[in-house]
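Descriptive structure summary
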Amino acid sequence: MTVRKNITMSLETASWYEKKSKEMGVPQSSLMAIALADYIKQESSLKTLEAMLSEIKKQENRIFKWTKEDEKIWNELVAENKKKDNI
């Protein structure tokens, strides 16, 4: 189902659509509908990407969070390796 909508735009934008319409042999309204559909897809994709990046950051923080216990284990391993190197 389609719905007709009237919009107001700048002269520059209107001129661009007129030129592009003639160049491609496609009605201006079709070009506008395609542009708006692409905008909607891009906006949706950006929201999904932002959510994914946020989740990745949470997982990185969970995985790479350095605790005092981690520090203790690390220091013990370093000390053991120093002893082995000196032997």
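Cut-offs and rules
- Residues numbered from 1 in each chain as written.
- Predicted model: local features only at pLDDT ≥ 70, side-chain atom pairs only at ≥ 80, totals over all residues.
- Heavy atoms only, no water.
- Helix = DSSP H or I, 4+ residues; strand = E, 2+ residues; numbered from the N terminus.
- Rg over C-alpha atoms; globule rule 2.2 N^0.38 Å.
- Areas by Shrake-Rupley, 256 points an atom, 1.4 Å probe, with all protein chains shown as cover.
- Salt bridge = Lys/Arg side-chain N within 4 Å of Asp/Glu carboxyl O.
- Buried < 20%, exposed > 50% of the residue type's maximum accessible area, 1.4 Å probe, protein only.
- Contact = heavy atoms within 4.5 Å.
- pLDDT = per-residue confidence, 0-100.
- Polar contact = N/O pair within 3.5 Å; in protein donor to acceptor, adjacent residues only side chain to side chain.
- Axes fitted to C-alpha atoms, helices over the stretch in contact; angles between N-to-C directions.
- Parallel < 35°, antiparallel > 145°, perpendicular 65-115°, else oblique.
- Nonpolar A, V, L, I, M, F, W, Y, C, P; charged D, E, K, R; others polar.

This part is about the overall build of the protein chain. Within the protein chain, the secondary structure is distributed over three helices and zero strands. Put simply, the protein chain runs from its N terminus to its C terminus through helices and strands in the order α-α-α. For 87 residues, the compact-globule estimate of 2.2 N^0.38 gives 12 Å, and the protein chain exceeds it by more than 25% at 29 Å. Seen through its principal axes, the protein chain has C-alpha atoms that stretch 85 × 25 × 25 Å. Counting every atom, the protein chain has about 8500 Å² of accessible surface; 58% of that belongs to carbon and sulfur.

Applying the stated criterion to the full structure yields one salt bridge. A salt bridge links K20 to E23, with the nearest nitrogen and oxygen atoms 3.4 Å apart. On the criterion of helical spacing, the pair formed by K20 and E23 is a turn pair, its members being three residues apart in helix 1 (residues 11-24). What makes E23 exposed here is its relative accessible area of 59%.

All right, on to the side chain of S21 then. Summarising the element assignment, S21 is placed in helix 1. Accessibility expressed as a relative area gives 13% for S21, which makes it buried. Beyond its immediate sequence surroundings of up to four residues, S21 is in contact with V26, P27, Q28 and L31.

Before going further, it helps to examine the confidence of the model for the protein chain. The share of residues in the protein chain with pLDDT of 70 or more is 99%, and the mean pLDDT across the chain is 91. Mean pLDDT across the elements of the protein chain bottoms out in helix 3 (residues 68-86) (86) and peaks in helix 1 (98).

Within the element layout of this structure, S10 appears in the segment before helix 1. Residue class for S10 comes out partly exposed when judged on its relative accessible area of 39%. Spatially, the C-alpha atoms of S10 and K65 are 52 Å apart, while their sequence positions differ by 55 residues. Engagement of the side chain of S10 in a polar contact is seen with the side chain of T13, the distance being 2.9 Å.

A word on the packing of helix 1 against helix 2 (residues 28-64). Here helix 1 crosses helix 2 at 110 degrees, and the two axes come no closer than 9 Å. One element, helix 1, and the other, helix 2, form an angle in the roughly perpendicular class. Of the residues in helix 2, those touching helix 1 at A14, Y17, E18, K20, S21 and M24 are Q28, L31, M32 and A35. Class assignment for the residues of the contact of helix 1 with helix 2 results in six nonpolar, two polar and two charged.

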